[in-house]
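# Structure at a glance
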Amino acid sequence: MWPGQQPPADTGHSPAFPGGPPPGGRGGGSRTTVVAVVAAAVVVAVAAVTGTVLLRGGDDRADPASAPSASEADDPADGAEGPRPTVAGWRVVTNPDLGIAFDVPDSWVPKAPTWVTYVAENDDPDDKPLVAMRAPAVLQEQWCAADSDRDGRLDHVPLAGAGTRGEDGARGTEEIARKNAAAWVYGAFAQPARDKVTTGPVSSFTTSSGIAGSVATSRSSGVEKRDKCDVDGKATTFAFETADGDLASWSFYGAADVADEVPDGTVRKILSTVRYVPDKGQ
């Protein structure tokens, strides 16, 4: 089912998950692709979900030679003191460029602010992202392992991930919520079968901090199971207007109908903690 790590292409995309083969996408002959990479400053050109969308962070392209090590990437705070969690026992995930934070249970691992995750079509030679997120957190990044592309190496895939992104060029929060949720499920679980993905109605949602926006949830059903890691998935996207008047989104994606599935209630609890932080741009 899921990922395979691919090296950053010269198109400027960059995805996320820890060093080594990434957890969300396999590349090659796999049917789902969640790629993850680290870059010092990344621009992700995303052309299929909301038009052309830039993940903010400068205009340098991902360079595998200059990318930080896995241990560096796994230390999002980099020794600095950041915002405190609003849920006792949870940890904070921050995207400083957007000035947005959210909390995740302690079992999740936040990645560095320069870490980006995306999904792409398996047969796209340019590996152009369908949708992406920056500064994510991941749950059980080695949740499942399989040699999906039969290259003799195991590809590890995560159970779930969540992150945020800017939505420059999008037309509105309802469109963002609906399209991004569907793109995560299709890209990470269902491709090439778009008919396996269903998206519920878009509804209004307000986080505990008072951020109002639109939320939608997509799920897949009956995906082809080529190996043990191929499972159905689900995704939720919350789209909103930032304090600066720009559009942004938070997304969750994860395996569905499995014993370790992240409960919908936990997804909504994480979503409810989305908030602004005062250190934008620092």
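This section reports on the structure supplied with the text. (Residues numbered from 1 in each chain as written. Predicted model: local features only at pLDDT ≥ 70, side-chain atom pairs only at ≥ 80, totals over all residues. Heavy atoms only, no water.)

## Side note on the state of the cysteines
Across all of its chains, the model carries one disulfide by this definition. C144 shares a disulfide with C229; S-S distance 2.0 Å. Across the disulfide from C144 to C229, rotation about the S-S bond amounts to roughly -95°, and the bridge is consequently left-handed. You can see C144 sitting in strand β9 (residues 144-146) and its partner C229 sitting in the loop between β14 (212-220) and β15 (233-241), a full 85 residues away along the chain. The pair C144 / C229 is uniform in exposure class, with both members buried. (Disulfide = S-S within 2.5 Å. Helix = DSSP H or I, 4+ residues; strand = E, 2+ residues; numbered from the N terminus. Buried < 20%, exposed > 50% of the residue type's maximum accessible area, 1.4 Å probe, protein only.)

## Quick notes on the packing of aromatic side chains
Scanning the entire structure with this criterion turns up five aromatic pairs. Between the aromatic rings of W108 and F252, the centroid separation amounts to 6.4 Å while the plane-to-plane angle is 50°, which identifies the pairing as tilted. Of this pair, W108 sits in strand β6 (residues 108-110) while F252 sits in strand β16 (residues 247-255), placing them 144 residues apart in sequence. Here the two residues W108 and F252 agree in accessibility, since each one is buried. On the numbers, 5.1 Å between centres and 20° between planes, the contact of F238 with F240 is stacked. Here F238 matches F240 in class, with each residue buried. Every member of this aromatic cluster is reached through a ring pair, and the members are F205, F238 and F240. Over the ring of W115 we find K111; its NZ or CZ atom is 5.5 Å from the centre of that ring. Between R194 and the ring centre of Y186, over which it is positioned, the NZ or CZ distance is 3.9 Å. (Phe/Tyr/Trp six-rings, centres within 6.5 Å; stacked < 30°, edge-to-face > 60°. Lys NZ or Arg CZ within 6 Å of the ring centre and 35° of its normal.)

## Some details on the environment of S208
Its location among the elements puts S208 in the loop between β13 (203-206) and β14. Its relative accessible area of 68% is what places S208 among the exposed residues. A C-alpha to C-alpha distance of 5.4 Å links S208 and S272, two positions 64 residues apart in sequence.

## What about unusual backbone geometry?
Of note, the amide linkage connecting Q191 to P192 takes the cis form, showing an omega dihedral of 10°. Positionally, P192 belongs in the loop between α2 (173-190) and β12 (197-199). With phi around 55°, D127 is a residue other than glycine that occupies positive phi space. Counting through the fold element by element, D127 comes out in the loop between β7 (115-120) and β8 (129-139). Its relative accessible area of 7% is what places D127 among the buried residues. Backbone geometry at Q140 places phi at a positive 50°, although glycine is not the residue there. In this structure Q140 comes out as partly exposed when scored by relative accessible area, which is 39%.

## Overview of the environment of V202
Positionally, V202 belongs in the loop between β12 and β13. Sequence-distant contacts of V202, that is, excluding residues within four places in its chain, are made with E174, A177, R178, S214, V215 and A216. (Contact = heavy atoms within 4.5 Å.)

## Describing the side chain of D103
On the secondary structure map, D103 appears in strand β5 (residues 100-104). Within polar-contact distance, the side chain of D103 engages the backbone nitrogen of T86 at 2.5 Å. A polar side-chain atom of D103 sits 3.3 Å from the main-chain amide nitrogen of V87. Dropping the residues within four chain positions of it, D103 is found in contact with P85, T86, V87, W90, R91, V92, I270, T273 and R275. (Polar contact = N/O pair within 3.5 Å; in protein donor to acceptor, adjacent residues only side chain to side chain.)

## So, the side chain of T164
Within the secondary structure layout, T164 lies in strand β11 (residues 160-166). At 3.2 Å, the side chain of T164 and the side chain of N95 are in polar contact. Not counting chain neighbours up to four residues away, the residues in contact with T164 comprise N95, L98, I100, F102, M133, R134, S249 and W250.

## Re the nonpolar core
Core analysis: the biggest nonpolar cluster contains 48 residues, and F102, W108, F238, W250, F252 and V274 have the highest contact counts within it. Elements represented by at least two residues in this core include exactly β5, β8, β9, β11, α2, β15, β16 and α3 (264-272). Ranked by the residues each element gives to this core, the list is headed by α2, at seven residues. In this structure, F102 is in contact with R91, V92, V93, A162, G163, T164, W250, I270, T273, V274 and R275, ignoring residues within four places of it in sequence. Judged by nonpolar contacts, the second largest core, of six residues, contains A170, A177, A216 and L247. (Core = buried A, V, L, I, M, F, W, Y, C linked by side-chain atoms within 4.5 Å.)

## Section: the pattern of salt bridges
Applying the stated criterion across every chain, the model contains 13 salt bridges. Between D97 and R134 there is a salt bridge whose closest N-O contact spans 3.6 Å. Placement of the pair is D97 in the loop between β4 (91-95) and β5 and R134 in strand β8, with a sequence separation of 37 residues. R226 is the salt-bridge partner of E224, the closest N and O atoms lying 3.5 Å from each other. Residue classification places E224 among the partly exposed positions, given a relative accessible area of 49%. (Salt bridge = Lys/Arg side-chain N within 4 Å of Asp/Glu carboxyl O.)

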